[in-house]
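The chain contents come next:
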Amino acid sequence: MQHNATVTQYHGPERRAHKRYPAPVNVREMIPGKQFFKPLSLGYGGISCLVERGYTKDTLVVMEIDLQDGSMPFSTPARVIRVDASSKGSVMALRFMIPQMQLGPYFEKIK
């Protein structure tokens, strides 16, 4: 399957296993702190979000993702990969513990 979405690169060569897509979705942290995230990009393997409060690398975060497409929101555990400062705040990159392959139909609609 070929995807035509633009892939965002942050630092040097691309290391992601999955392409990233724009993320017009709602993301709410369930554990540990119950904050809302502002998603920047989303892929089968993870998500990058603008956050008020970032966590240390390897912190386990359980989040609920609402695709806002009429489907039921789903929850998934993810590990913090990194937190970077940006002009808009902290950007936290998270890797899903299990790739979210059910996102395929959603990505097909938005590409």
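Now for a description of the structure that goes with this document.

Conventions we followed
Residues numbered from 1 in each chain as written. Predicted model: local features only at pLDDT ≥ 70, side-chain atom pairs only at ≥ 80, totals over all residues. Heavy atoms only, no water. Phe/Tyr/Trp six-rings, centres within 6.5 Å; stacked < 30°, edge-to-face > 60°. Helix = DSSP H or I, 4+ residues; strand = E, 2+ residues; numbered from the N terminus. Buried < 20%, exposed > 50% of the residue type's maximum accessible area, 1.4 Å probe, protein only.

1. What to know about the packing of aromatic side chains
This structure, assessed with the given rule, holds three aromatic pairs. Taking the centre distance of 4.2 Å and the plane angle of 20 degrees together, the rings of tyrosine 21 and phenylalanine 107 count as stacked. On the criterion of sequence distance, the pair formed by tyrosine 21 in strand 1 (residues 21-22) and phenylalanine 107 in helix 1 (residues 104-110) is long-range, its members being 86 residues apart. Assessed through its relative accessible area of 2%, tyrosine 21 is described here as buried. Centroid distance tyrosine 44 to phenylalanine 107: 5.0 Å. Interplanar angle 85 degrees. Geometry classified as edge-to-face. With tyrosine 44 in the loop between strand 3 (36-42) and strand 4 (46-51) and phenylalanine 107 in helix 1, the pair connects residues that are 63 residues apart, well separated along the chain. Tyrosine 44 gets classed as buried once you look at its relative accessible area, which sits at 8%. Taken together through their ring pairs, the aromatic side chains of Tyr21, Tyr44, Tyr106 and Phe107 make up a single cluster.

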